[in-house]
Each structure stands twice: as structure tokens, then as C-alpha cells.
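Observations on the three-dimensional arrangement
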Amino acid sequence: MIQKPRGTMDLLPEVTPTWRFVEQTCRDTARRFGFEEIRVPTFEASELYRRGVGEGTDVVQKEMYDFFDKDGRSMTLRPEGTAGVARAVIENSLYAGAMPLKLSYLVSCFRYELPQAGRSREFYQFGVECFGASDPKCDAEVILLAAEIFKALDIKVRLELNSIGCPECRAKYLEALKAYFATKTDVLCETCQGRLSRNALRVLDCKSPICKEVAAGAPKILDFLCEDCKASFDATCKTLSDCGLEYTVNPQIVRGLDYYRGVVFEFISDDIGAQSTVCGGGRYDGLIESLGGPALPGIGFGMGLTRIMLCLKAKQQQVERATPDLYIASIGDGARDFSFLLAQSLRERGLYVVSDIVGRSLKAQMKYADKCGAKFAIVLGDDELANKAARLRPMRGGDEVEIDLTDPDALISLLKGE
Ligand code: ATP
Ligand code: MG
């Protein structure tokens, strides 16, 4: 028996209607905010992610699914959405069109991680990116969009915000941070000891309890922001408040990817256990330039749909599978041929209709109709065909109705409950 790779999921028909609902909600909400869909490749040159995500990150250090293709080029399965979208913006000169450029995407991402609840090796992300605007209003708009999606899905989340400053204020902060951690090196976890030289900020969001405790006493980046960064962050916060969106400022939020700067944020759910960040994002001015494009500010977020599904599951919210409007049972070859044509003509008119295509007994057909939740059934035999009439039977209680097989309009009205 060949089984699915570790950390991947089969999304079965009982859950795909809920997935579609979530995906549609994301797309519809993004459209209302003016974000248009972009689709980019599932794999890219490894170099793109090394540069675009950053050498110092967990993603590049240990989580990338990379492989050599048959020409010996190093390729990587998409670990996140932003780098590929940024590449597409540069390669297609999208910045030459209307600015700001607002893009959204729904993709699967691949990371070699330890699988657990809310953390898989292939996971689904809805993301947006806004290029070409550095105004705090743009920050607020992107955050409000994510909040609006949670509202539409009726999922309770907390918004936590921080600013990690620009390279100038962050350099000063990093000095202070490293000086602080230098006195605590021996208690930090092994990963964080490595992070100290590569990416000391990341120690702040380590999940290990000891590192968390050490991090809580660390200097706060907000005390180191330059005037511009502080003014921008304050303006973003004010706009969110003006729009009635609640948030807390959490100086511990730093985000995992190298290219972030300025505002960073996370939406957190308290209902799904340890992997509780359902959406993370922030500003990444400088990314496009570092990938060989023009100096173009950007901000975006990635929303983990796999974790959103856990939120919906926790409150037992699911979208039911569609059920047939009508099951047409038949007895004998003539009736079976007729029922096949009738099913086809009703489907052409938009109804969900099932007829027997395996030659089952009547009893087995009715059992099947019940199993797939058909709302109505009719049984066709020689008599029905001769009289061009049949009885429409509601499957979940109600009276039978006589129908005229030569009048599909009347039948359709009945099925639609008109
Ligand atoms: P985490 O701290 O949970 O590892 P991250 O900082 O690596 O998250 P991002 O790269 O910002 O996450 O990805 C954005 C969102 O994608 C996360 O907030 C989360 O909801 C989701 N996500 C990230 N990695 C996984 C994964 N392995 N499985 C499922 N969802 C994930
Ligand atoms: Mg991660």
C-alpha cells in the first residue's frame, strides 16, 4: 500500500465544501478591497527563496523542499507566497501599470517541518501583497482586509501588532538585544543559540518556555524606533482604532522572514492549540529591490487556511455536502434508458440529478438514493412510461405528488420548491 507523504493531507468530499466556502470568502473579501488574483509557479529557482525569504530564516535553513531537476538546476517547492509574487511583479514589469499594485493568491506551500496539529508539510495559504504604497493607510488597509475575512468567517481572533523598525533603528536595537542575550546564552535553547548570530530577532518568538521567559525581559524594539518609524506605526494604530478594530501591541512579534521591516502583525486564535497564528504579515520595503527590481515598498500577509479549518472545526461549523435534487430509479431496460435521458435533460437545466448507471435492483437503488441524501425520488417502470406519469416522492417526509413526464417545467418547479 502506497500512502500519502508524511505531513500531507487528503481533503475528502466531506470537508471540501467547507474549504470552498473559506476560499470563496477570502477571494470575495479581497476583491472588495481591490486585490486581484495572481497565480505563480509552484516551484521556482532555489535562489529566489534563498534571497527573498532570507538565509537567516528557519524556512531557508531547514524547511525548504529543494531538488535538482534533470538539468541539474536547484529548484524549490514554494515555501511561502511573497517571493514568487515579487519575482512575477519584476519579471512582468507590473509596476509599470496602475499603482499601488494589489494582488492576492491562494496557494499550497511546502515546508519540511515536524508534522503536528496545525503544522503540515503541505499547507494552504491565502495571501495578499500591496506594492508601491508606504503610507500607514496602506498598512491599515491590509490588516483590515485580514480582519474582515475573519469577521466574514465568524472566527474569533486577536490581532497583535508591532513595528520592527527600519534597518537603521533595528541595527541599534539589535546591538542592545545581543548585549542582553549575551548574558543569557547558556539558558537559551540550541536553535536560539544559533539564531543569536544569524537572526537575533527570531529569539523573541521562540516557542520554548525558557526562551520565552528570557525574551520577556529583553529590550523592546518600540523604545528604539526612529521618529519616522514611530510616527508611521502610531498612524497605522490610529487608523485601525478609527475603524473600530481592536488590537494589542506586542513587542515580541517579529515574524520569521528576513525581509520584514516596519509594521508586523499576527492574528491569533485561542481555540486551536499551540499552532495558534492563523495569519501573519508585515511590511517588506526593500524586498523587490533585493530581487533586482525597482525600489518599491510592499506589505502583505499569509493566512494559514489549514489552521482556519481547525478554527471552524473547533466550533463545529461546516458546510454540508450538496445533495441531489432528484434521484430517478428505474425498473427494466426501457425505463432505465428513459431515466438516463431525463436525468441528462434536467442537469442541462441546472439541477443535481442522479439516475442508476450500474443496473441495481430497485431496493438497492432506493438505498443509494437515501445514502446520498436525495431530496426527491421518482420510480420509473413500464406503467409510468406508458402513462407518461409518475409519482414524485419526497425522501424526508411529505406527500407524494403526481407528475407529468412530458412537462419538465412543472417538474423543475416542484423540485425547486416553487
Ligand atoms: P509559525 O510560527 O507557525 O511557524 P511562520 O512564521 O513560519 O509560522 P509564515 O511564514 O508567516 O508562518 O506563514 C503565514 C501563515 O501560514 C502562518 O501564520 C500559519 O497560519 C501558516 N503556516 C505556516 N507554516 C505552516 C505549516 N507548516 N502548516 C500549516 N500552516 C502553516
Ligand atoms: Mg514556521
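Look a little higher up for the structure.
This write-up is about the structure you can find in this document.

Quick notes on the rules
- Note on numbering: residues in each chain are counted from 1, in written sequence order.
- Both sets of labels track the order of writing: A upward for chains, 1 upward for ligands.
- Only residues with pLDDT of at least 70 get local features here, since the model is predicted, and only at 80 or more are side-chain atom pairs given and counted; chain-wide, interface and lining totals rely on the full set of residues.
- Neither water nor hydrogens contribute to the side-chain values; these are computed over all heavy atoms in the structure.
- Put simply, DSSP H or I for four residues or longer makes a helix, DSSP E for two residues or longer makes a strand, and each gets a number counted from the N terminus.
- Within these notes, the globule rule equals 2.2 Å times the number of residues to the 0.38 power, and the radius of gyration is based on C-alpha atoms.
- Only protein chains enter the area calculation, which uses a 1.4 Å probe; residues under 20% of their type maximum are buried, those over 50% are exposed, and those in between are partly exposed.
- Contact criterion: two residues are considered in contact whenever any of their non-hydrogen atoms come within 4.5 Å of each other.
- What sets the accessible areas is the Shrake-Rupley method with a 1.4 Å probe; for residues, cover comes only from the shown protein chains.
- Any carboxyl oxygen of Asp or Glu that lies within 4 Å of a side-chain nitrogen of Lys or Arg is treated as forming a salt bridge with it.
- Each residue is tested against the molecule or strand, and it is near if at least one of its non-hydrogen atoms lies within 4 Å.
- By the criterion applied in these results, polar contacts are pairs of N or O atoms within 3.5 Å in which, for protein atoms, one can donate a hydrogen and the other can accept it, and in which residues neighboring in sequence qualify only through two side-chain atoms.
- Only Asp, Glu, Lys and Arg are considered charged, only Ala, Val, Leu, Ile, Met, Phe, Trp, Tyr, Cys and Pro nonpolar, and every remaining residue, Gly among them, polar.
- Should DSSP find at least two bridges between two strands, the strands are regarded as paired.
- Axis definition: a line fitted to C-alpha atoms, over the contacting stretch in the case of helices. Angles run 0 to 180 degrees between N-to-C directions.
- What we call a nonpolar core is a set of buried Ala, Val, Leu, Ile, Met, Phe, Trp, Tyr and Cys residues that are connected through their side-chain atoms within 4.5 Å.
- The length a helix should cover is 1.5 Å for every residue beyond the first.
- In this description, the arc belongs to the directions extending from the helix axis to the C-beta atoms.
- Working rule for handedness: look at the near helix, and if it is turned counterclockwise from the far one by less than a right angle, call the crossing left-handed; if clockwise, right-handed.

Let us now look at the overall build of the protein chain. The secondary structure content of the protein chain amounts to 15 helices and 16 strands. Taken over C-alpha atoms, the radius of gyration comes to 28 Å for the protein chain, far larger than the 22 Å a tight globule of 418 residues would show. Dimensions of the protein chain along its principal axes, counting C-alpha atoms only, are 90 × 50 × 45 Å. Taken across its 418 residues, the protein chain has 49% of its residues classed as buried. By sequence separation, contacts in the protein chain at least 24 residues apart represent 69% of the contacts at least 6 residues apart. Counting every atom, the protein chain has about 20900 Å² of accessible surface; 51% of that belongs to carbon and sulfur.

Across the junction of methionine 99 and proline 100, the peptide omega takes the value -5°, indicating a cis bond. By the secondary structure assignment, proline 100 is in the loop between α4 (82-91) and β5 (101-110). If you check the backbone angles, lysine 388 has positive phi at about 50° while not being a glycine.

Tallied over the entire structure, the rule returns 26 salt bridges. Aspartate 325 is the partner of lysine 375 in a salt bridge, and the nearest nitrogen-oxygen pair spans 3.4 Å. Taken together, the positions of lysine 375 in the loop between α13 (362-371) and β14 (376-380) and aspartate 325 in the loop between α11 (305-314) and β12 (326-330) put the pair 50 residues apart, joining distant regions of the chain. Through salt bridges that share partners, Arg391, Arg393, Glu400 and Glu402 make up one connected network.

Moving on, we get to the site of ligand 1. Of all residues adjacent to ligand 1, which total 16 residues, the nearest are Arg111, Glu113, Ser120, Arg255 and Thr277. At a separation of 2.9 Å, a nitrogen atom of ligand 1 approaches a polar backbone atom of serine 120. Among the elements of the structure, β6 (122-131), β10 (277-283) and β11 (298-304) are those that each provide at least two residues to the shell around ligand 1. Counting residues per element, the shell around ligand 1 draws most heavily on β10, which supplies four residues. Taken together, the residues of the shell around ligand 1 break down into three nonpolar, seven polar and six charged.

Across the sheet, eight strands lie side by side as β1-β5-β6-β11-β10-β9-β7-β8; this open sheet has mixed pairing. Each having just a single partner strand, β1 (36-37) and β8 (248-249) make up the two edges of the open sheet. Direction of pairing for β6 relative to β11: antiparallel, over a ladder of seven bridges. Along β11, the bridge assignment pairs glutamine 125 with glycine 304. Each of β7 (158-163), β8 and β9 (263-268) is contacted by helix α9 (residues 227-242), which is oriented at about 160° to β7, the strand it contacts most.

Residues Val85, Val89, Phe131, Leu177, Phe181, Leu188 and Leu204 are the most contacted members of the largest nonpolar core, which totals 54 residues. It is α4 that provides the largest number of residues to this core, a total of six residues. Apart from residues no more than four positions distant in its own chain, leucine 177 is found in contact with Ala200, Leu201, Leu204, Ala218 and Pro219. Counting residues in hydrophobic clusters, the runner-up holds 42 residues, among them Cys138, Ala146, Leu159 and Ile299.

Here we take up the side chain of threonine 82. With respect to the helices, strands and loops of the structure, threonine 82 is situated in helix α4. Looking at threonine 82, its side chain comes within polar contact range of the side chain of glutamate 129, at 2.9 Å. With residues up to four places along the chain from it excluded, the contact list for threonine 82 reads Tyr105, Glu129, Tyr259, Tyr284 and Leu287.

On to helix α6 (residues 167-182). Relative to the 22 Å expected for 16 residues at 1.5 Å per residue, α6 spans 21 Å between its end C-alpha atoms, a close match to the ideal helical length. What α6 keeps buried is the set Cys169, Arg170, Tyr173, Leu177, Tyr180 and Phe181. All buried residues of α6 lie within an arc of 95° about the axis, which places them on one face of the element. Exposed residues pointing more than 90 degrees away from the buried face of α6 are listed as Glu168, Lys172, Glu175 and Ala182. The inward-facing, buried residues of α6 abut α7 (190-198), α8 (209-216) and α9.

We now examine the packing of helix α1 (residues 16-32) against α11. Two numbers describe how α1 lies on α11: the axes approach to 11 Å, and their chain directions differ by 115°. Handedness of the crossing formed by α1 with α11: right-handed. Residues Thr18, Trp19, Val22, Glu23 and Cys26 of α1 lie in contact with α11, whose contacting residues are Leu305, Thr306, Ile308, Met309 and Leu312. Broken down by class, the residue content of the contact of α1 with α11 amounts to seven nonpolar, two polar and one charged.

On to α11. Here α11 lies mainly inside the structure; seven of its ten residues are buried. When α11 is considered as a whole, its buried residues turn out to be Leu305, Thr306, Arg307, Ile308, Met309, Cys311 and Leu312. Just downstream of α11 lies glutamine 316, where phi reads positive at about 50°.

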